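Chain by chain, the residues run as shown.
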Amino acid sequence: MRALKIFGLALLMIFIAQGKTFAAMPEISAGETYFDIFRGVYVLKGNVHVAADNHGFKAIVTADEAIVSVVKQKCWAEGNVKLKQENITFSCERAYLQWQTKTAEVTGKVKFENKKSVAINSDTAVFNWGDKIVDFYGKVTLKAEKKVKFADGVELDGKEYQHVQYNVVENEILALDKTFDAPEIVIPEAE
């Protein structure tokens, strides 16, 4: 009986915490869905769809598999991952999103498109949706239309780089580096 009370209290705390951490509970669906009560995460497999509205930032994540911690405000996605937000689309092999830090780290065959004017491919990338800046690392290829702006001192010099920094809101390339000591982006294991 005591174990049942502890279980009920733990479940109540998880649901209360969910209401405080997100402006709205994310919409979560998949072919297979279950809630791991001991870890406090949703485990999703097959046709994963997570739509989150975190205080005005609305994004949709689709993938083959994902783990979502509503309490810790994190999402780990793997396999045919797509992140969509307004006219921005990322596709990659793995992604790690953290709502508290407002970042998405993506790895493996990263493809980024802003339907307005730019297409960027890279090995890894970090998107900070707070300031709307994306850093692309590794073998980076860039295709920019004439609409794209360039920061002072930044000039297009070919199509391949080791680092490209892009401001999504301003549609502006902030940095183009042919040589760059890129940080290692490692997607952590789900907690």
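Scroll up to find the structure.
Everything quoted here is computed from the prediction, not taken from an experiment.

So, about the packing of aromatic side chains. Scanning the entire structure with this criterion turns up eight aromatic pairs. Summarising the aromatic geometry, the rings of Phe-112 and Tyr-166 are spaced 5.8 Å apart at their centres and angled 70 degrees between planes, so their arrangement reads as edge-to-face. With a gap of 54 residues between them, Phe-112 in strand E7 (residues 103-114) and Tyr-166 in strand E11 (residues 160-167) connect regions that are remote in the sequence. Each of the two residues, Phe-112 as well as Tyr-166, counts as buried. Linked through ring pairs, Phe-90, Phe-112, Phe-127, Phe-136 and Tyr-166 together constitute an aromatic cluster.

Moving on, we come to the layout of surface pockets. Approximately 190 Å³ is the volume found for the largest pocket. If you trace the largest pocket, you find 15 residues lining it, with Glu-65, Ile-67, Trp-76, Glu-78 and Ala-190 closest to the centre.

Moving on, we get to the environment of Gln-162. Here Gln-162 lies in strand E11. A relative accessible area of 33% means that Gln-162 is categorised as partly exposed. Separated by 14 residues in the primary sequence, Gln-162 and Leu-176 place their C-alpha atoms 8.0 Å from one another. Ignoring sequence-local partners within four residues, the contact set of Gln-162 consists of Phe-136, Tyr-137, Gly-138, Val-140, Asp-177, Lys-178, Thr-179 and Phe-180. Engagement of the side chain of Gln-162 in a polar contact is seen with the backbone nitrogen of Phe-180, the distance being 2.8 Å.

Each value, and the rule that gives it
- Here the residue index of a chain counts from 1 through its sequence in written order.
- Per-residue local features of the predicted model are confined to residues with pLDDT of at least 70, and side-chain atom pairs are confined, for both listing and counting, to 80 or more; whole-chain, interface and lining totals are unaffected and use all residues.
- Only hydrogens and water are set aside; all other atoms, that is, all heavy atoms of the structure, feed into the side-chain values.
- Here a Phe, Tyr or Trp ring, Trp counted by its six-membered ring, pairs with any other such ring whose centre lies within 6.5 Å, and the pair is stacked when the planes are under 30 degrees apart, edge-to-face when over 60, and tilted otherwise.
- Numbering goes from the N terminus for both helices and strands, where a helix is a DSSP run of H or I of at least four residues and a strand is a run of E of at least two.
- To sort residues, take the accessible area from a 1.4 Å probe on protein chains only and compare it with the maximum for the residue type: under 20% means buried, over 50% means exposed, and anything in between is partly exposed.
- Computed over the protein atoms alone on a 1 Å grid, cavities are sets of points where a 1.4 Å probe fits but cannot get out and pockets are open sets with protein on both sides within 12 Å along at least five of seven lines; a residue lines them when it has an atom within 4 Å of a point.
- Grid points are joined across faces, edges and corners, and a volume is the space filled by probe spheres set on the points.
- Every residue pair with non-hydrogen atoms within 4.5 Å of one another is taken to be in contact.
- In protein, a polar contact requires one atom able to donate a hydrogen and another able to accept it; more generally it is a pair of N or O atoms within 3.5 Å, and residues adjacent in sequence count only if both atoms are side-chain atoms.

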